[in-house]
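Residues per chain, in single letters:
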Amino acid sequence: MKITVYTTPTCPWCAKTKEFLKQKKLSYTEKNVVEDEKARDEMIQKSHQMGVPVIDINDKIIVGFEPEEILAAVAKNSPKKAKKNLKAKRRKPKKAVKKKKMTKSKKKKGSKKKKS
């Protein structure tokens with residue numbers, strides 16, 4: 001799997017993207033579009049925009065820091081690694097406990113006493 005991240009030195013979202021990829025133990029190639037004109041042209045041609053970060057995962061282009069999209073693109077190309085990463089991120093919500101409601105007939109029976 002080939003991951004390329006197009007960045008600039010002052011972009012905070014680029015830093016978050018790189019940190020996220022490191023945390024998930026995904027190797028990538030960084031291309032600084034400020035210093036590398038060829039990389040800048042390549043990024044614009046692929047994404048049709050000038051905003052960074054742009055992440056290219058096997059020709060799947062993601063613009064901006066989108067962790068779920070990154071993991072989905074990785075899953076498509078490497079199912080075992082992505083499933084492991086997704087399990088760590090997503091936790092099943094706790095099930096809500098349902099309270100039993102008393103029906104009208106039960107309320108009437110319990111609350112009314114017959115007069116003798």
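Residues numbered from 1 in each chain as written. Predicted model: local features only at pLDDT ≥ 70, side-chain atom pairs only at ≥ 80, totals over all residues. Heavy atoms only, no water.

## Some points on the pattern of salt bridges
Then, in step 1: Inspection of every chain in the model, using the stated rule, returns 5 salt bridges.
Then, in step 2: With a closest N to O distance of 4.0 Å, Glu-42 and Lys-46 form a salt bridge. Placement of the pair is Glu-42 and Lys-46 together in helix 2 (residues 37-47), with a separation of 4 residues, close to one helical turn.
Then, in step 3: Ionic pairing is found between Lys-46 and Asp-56, a salt bridge with its closest N-O pair at 2.5 Å. Placement of the pair is Lys-46 in helix 2 and Asp-56 in strand 3 (residues 54-57), with a sequence separation of 10 residues. (Salt bridge = Lys/Arg side-chain N within 4 Å of Asp/Glu carboxyl O. Helix = DSSP H or I, 4+ residues; strand = E, 2+ residues; numbered from the N terminus.)

## Structural notes on the environment of Pro-67
Then, in step 1: Structurally, Pro-67 can be placed in helix 3 (residues 67-77).
Then, in step 2: The sequence separation of Pro-67 and Leu-21 amounts to 46 residues, and the corresponding C-alpha distance is 9.0 Å.

## Quick word on the sheet that holds strand 2 (residues 29-32)
The pairing of strands in a sheet comes from backbone hydrogen bonds and takes either a parallel or an antiparallel form.
Then, in step 1: Spatial ordering of the open sheet is given by 2-1-3-4, a layout of 4 strands whose pairing is mixed. The sheet is open, and its two borders are formed by strand 2 and strand 4 (60-63), each paired with just one other strand. Strand-to-strand twist in this sheet, taken as the mean axis angle between neighbours without regard to direction, amounts to 20°.
Then, in step 2: When strand 3 meets strand 4, the two strands line up antiparallel, connected through 4 bridges. Residue Ile-55 lies in a different strand from strand 4, and its bridge partner there is Ile-62.
Then, in step 3: Contacting strand 1 (3-7), strand 2 and strand 3, helix 1 (residues 12-23) runs over the sheet at an angle of about 160° to strand 1. (Pairing = 2+ DSSP bridges. Axes fitted to C-alpha atoms, helices over the stretch in contact; angles between N-to-C directions. Contact = heavy atoms within 4.5 Å.)

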